[in-house]
Amino acid sequence: MSQPIVPQKTYLLVFLCLIGLTVLTTGVAFIDLGPFNTVAALAIAFCKMLLVILFFMGVRYSSGLVRVIVVAAFFWFALLVAFTMSDYHTRSWTPAPDAWSTTAPPTHP
Amino acid sequence: MAHQFEDLDQQHEADTLGIWLFLVTEIMFFGGVFAAYAIYRWLYFAAFAGGSHILDIKLGAANTIVLLGSSLTMVLAVRSAQVGNRRALILFLVATMILGGVFLGVKAYEYNQKFVEHVVPSLDWAPEGEALKLLAPGGLDHAQLYFFFYFAMTGLHAIHMIIGMGLLLWLVLRARKDDFTPHYFAPVEVVGLYWHFVDIVWIFLFPLLYLIGGRY
Amino acid sequence: MSTATLEPRVHAPRNYLNADYGWKSWLFTLDHKRIALLYMVSVSFFFIVGGSFAVLMRIHLTEPQGALVQPETYNKLFTLHGVVMIFFFLIPSIPAVLGNFLVPLMVGARDLAFPKLNLLSWYIYIVGGLFTLYSAIAGGVDTGWTFYTPYSSTYSNTQVTAVAIGVFITGFSSILTGLNFIVTIHKMRAPGLTWFRMPLFLWAMYATSIIMVLGTPVLAITLFLLALEHLFHVGIFSPALGGDPLLFQHLFWFYSHPAVYIMILPAMGVVSEIIACFSRKRIFGYKIVAFSSVAIAVLGFLVWGHHMFVTGQSVYAGLIFSMLSFLVAIPSAIKVFNWTSTLYKGSISYEAPMLYALGFIGLFTMGGLTGLFLASLATDVHLNGTYFIVAHFHYIMVGGAVMGYLGGIHFWWPKISGRLYPNLWAGIAAVIIFIGFNLTFFPQFILGYLGMPRRYAFYPAEFQVLNVMSSAGATVLGVGYLIPLVYLIWSMRYGPIADANPWGATGLEWTTSSPPPTENFAEIPVVTEEAYAYGPVEGIGD
């Protein structure tokens, strides 16, 4: 229909890139980068995902509507994570009392 | 062509849009458990790292490559349908199924290993020896949380793979009956998109479950 | 106009109702109009089930110490009332009944994009419903429809897993319906039907479908994780292993707040159609109303934390959610202003659909405004967990969504059934419903403000008068709901035959016969007019 016929070599090349990235991410795990281990792992996974989406899933040749839909889905997932995380991250900003207060509560008139 | 459509092009566009919308629901479905994972990983990093070190990283990496390979054979299957090569289509579909089966087999072995090491939440939780040494620093309770996520996430992923295998079998049977032509192979495309999505979930599961905190 | 005969016509022209006979032609149909009717019967059944639980609750609450049931039973009643009404009535009602029937007709297509998925969605709905009914009979659930952990996951010994499975299954019905609508509206509009010529009902269904597709899966995973925790006695929501009960609430409300927009947006779409038709005027500010539907769908995903102001969420997150909750009120208010502007200088007539639409505007506005007290952090501390909340959401869900559903049923009944109902009785019922509704729920605002907690099987004696008033109102409301049941069924056999467009309304669905033929249109129509082309009328600053 609208999707062009992609040469098999292209798919093979993408696959080899994916293998390479898998080897890379496994190898990086054996190096101590502190918090950047997580960043690196996620960045590499993100690249692998992009390769699969663009080439294997054909989004490279897809209509604008499909692209908007793909982006929107990830954006919504990001919303879920970000807003929920914001609760956990900011809970410590309000110090909780260590023990119940020993002063008497205000009495009502 | 179904009667509600004006032409095959409209039907194909509708089918494509439909499967992508379904994948959106899958992204949000897995997204929920990924979000929960993200919270607890942030809260209990040491426990998650300890749990992750119990997993067999080589097996996980190899399995990742197997699944990526199945994505390759899947897209080659779609391409074969696109050019009308029935024999190649069936071959690649079967290859995809074989690779998927290998993946599931390795996962079954890994699950069994968890029972051997007694790190299965609720059903067999009694870490000892090497496992206990890795898990104790982060706290055994929080480590149990990690393994809950391990089983829940890879389990959901495996269920999706099994469904995918069923869909692939259905495609093979239809292809053998000559159901697909270069002008009509939407089912192959649709299953392909589903299969690639399941692959993408694993692309993230591997580093998030197996590579936490490094192994230096 | 309609023929003034009370005899059923002997030789009706071929339409979707008489195209085929027998239970197989209904249970295996792929016709979106028949599937809509299957849904109509099913949601009506669940409305009666959910309503019965409400009746028992209101009888029980006539006495401060409880008049009818044990507290444990009362807990099960309000839980099942919520579960059944929300998941098996409100969420499917307008989309699965009116949406299924009208979307293909309004876009000028012969059916939805995926008729088989449509039928599948109904079967999924039925299976989920049966699971839930089973759980009700096998002992019920007492956690509240919100299933808060750790009570639901660890301590409750009721049928939590069964209900979770039932709702999980039903969620897919919602997802498939939404998916179908989005594809149909994108890809199957008739020639000439641009986005901004679509009736606002379609915009409402589109926005609703976006929420269904993006939100429902999160409910599914949440219930899945809850069921795992309930079954295996270990999980991520209870503090035993270091889990956080609030995480359940985050995941649950991420869907369940947008869900309330699934329930109200379609009703707003119905109201737009009715107001335009019975004012003989196009909707004022068409584009703004269309965009406001999408804005509600998007903004609705950003406010879920307002359900958790007092359960342990961080105050700073609460601040953000509070501000966004005020923001989401704006598009809804815009719609109300636009409807009233449409009414201004319109040629208004008060048929039954219009009575429901006008009632909607008033009651939805009240419900919406009371939401502002709840969006504000300080006042929510006082009002949360009280009957104020109960009144707030019933004003929107019942005063809004149910009135919208009934208004839509009455507006499109001639198209669906080919018959007219007696307008006098329809009007009487609408007024009785309006009065009964306010008598039931307005006292609850007062009760809540005075401090009566919700989900309690007993209350302080000084609240009895208001409670009895509320229960009396519920009786009136119940009578009001029964009346349409009677005359609508009566009309199917004895009502005057309706012609294609008894209201003289615009919209493609009115260009085909009443009832429509199975294939909807003899020829696919070509659209050349804007929506609501009711003829030259002066409006405000046109």
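What you see is a predicted model, and the numbers here were worked out from it, not measured in a lab. (Residues numbered from 1 in each chain as written. Chains lettered and ligands numbered in written order. Predicted model: local features only at pLDDT ≥ 70, side-chain atom pairs only at ≥ 80, totals over all residues.)

Turning our eyes to something else, we now look at the overall build of chain A. A count of helical and extended segments in chain A gives three helices and zero strands. Its helices and strands taken in sequence order, chain A reads α-α-α from the N to the C terminus. In chain A, buried positions account for 26% of the 109 residues. (Helix = DSSP H or I, 4+ residues; strand = E, 2+ residues; numbered from the N terminus. Buried ≥ 20, exposed ≤ 12 C-beta atoms within 10 Å, placed from the backbone.)

What follows concerns the overall build of chain B. The helix and strand inventory of chain B stands at seven helices and two strands. Each principal axis of the C-alpha atoms in chain B carries an extent, and together these give about 65 × 30 × 30 Å. Of all intrachain contacts in chain B linking residues separated by at least 6 positions in sequence, the fraction that spans at least 24 positions is 77%. (Contact = placed C-beta atoms within 7 Å.)

Each partner contributes residues to the interface: chain B has 27 residues there, and chain C has 31 residues. Elements with a contribution of two residues or more to the side of chain B that touches chain C: α1 (8-43) and α6 (140-176) of chain B. With 16 residues, the top contributor of residues to the side of chain B that touches chain C is α1(B). In terms of residue class, the side of chain B that touches chain C is made up of 16 nonpolar, nine polar and two charged. (Nonpolar A, V, L, I, M, F, W, Y, C, P; charged D, E, K, R; others polar.)

What follows is about the environment of Met40(C). Within the secondary structure, Met40(C) is located in helix α2 (residues 32-60). Separated by 53 residues in the primary sequence, Met40(C) and Ser93(C) place their C-alpha atoms 7.5 Å from one another.

This part covers the confidence of the model for chain B. Low pLDDT marks stretches whose predicted atomic positions should not be read closely. Of the residues in chain B, 100% reach a pLDDT of 70 or more, and the chain-wide mean stands at 95. Overall fold confidence (pTM) sits at 0.94, and the ipTM for the predicted complex is 0.95. (pLDDT = per-residue confidence, 0-100.)

Once that is clear, we can look at the interface of chain A and chain B. On the side of chain B, 39 residues touch chain A, which itself brings 35 residues to the contact. Every element with two or more residues in the side of chain A that touches chain B is listed here: α1 (8-28), α2 (36-56) and α3 (64-90) of chain A. The greatest single-element share of the side of chain A that touches chain B, amounting to 12 residues, is contributed by α3(A). In terms of residue class, the side of chain A that touches chain B is made up of 27 nonpolar, six polar and two charged.

Residues and elements named next belong to chain C. Counted at 1.5 Å a residue, the expected span for helix α3 (residues 71-107) with its 37 residues is 54 Å, and the 51 Å between its end C-alpha atoms agrees. A bend of about 60° at Pro92 is the largest found in α3. In terms of burial, α3 is a largely internal element, 33 of the 37 residues being buried. (Expected span 1.5 Å × (residues − 1). Bend = angle between axes of the 7 residues up to and from the residue.)

Once that is clear, we can look at the packing of helix α6 (residues 160-187) of chain C against helix α7 (residues 200-232) of chain C. All names here are of chain C. Where α6 contacts α7, the axes come no closer than 7 Å and their chain directions differ by 155°. Between α6 and α7, the angle falls in the class roughly antiparallel. Between α6 and α7 lies a crossing whose hand is left-handed. (Axes fitted to C-alpha atoms, helices over the stretch in contact; angles between N-to-C directions. Parallel < 35°, antiparallel > 145°, perpendicular 65-115°, else oblique. Left-handed = near helix turned anticlockwise from the far one by under 90°.)

The next point concerns the packing of α3(C) against α6(C). Residue and element names in this part refer to chain C. In the contact formed by α3 and α6, the axes pass within 11 Å of each other and the chain directions differ by 20°. Taken together, α3 and α6 sit at an angle that is classed as roughly parallel. The interaxial crossing formed by α3 with α6 has left-handed handedness. Across the interface between the two elements, Val83, Phe87, Phe88, Ile91, Pro92, Pro95, Ala96, Gly99, Val103, Pro104 and Val107 from α3 touch Val163, Val167, Thr170, Ser173, Ser174, Thr177, Phe181, Thr184 and Ile185 from α6. Residues belonging to the contact of α3 with α6 are distributed by class as follows: 14 nonpolar, six polar and no charged.

Looking at where Gly138(B) falls in the secondary structure, it is placed in the loop between α5 (129-135) and α6. Along the chain, Gly138(B) and Leu23(B) lie 115 residues apart, while their C-alpha atoms are 36 Å from each other.

All names here are of chain C. Each neighbour pair has its own omega, and for Thr149 with Pro150 the value is -5°, a cis peptide bond. By the element assignment, Pro150 lies in the loop between α4 (115-137) and α5 (151-155). Between Ser514 and the following residue, Pro515, the backbone shows a cis peptide bond with an omega angle of -10°. Relative to the helices and strands, Pro515 is located in the segment after α15 (464-494).

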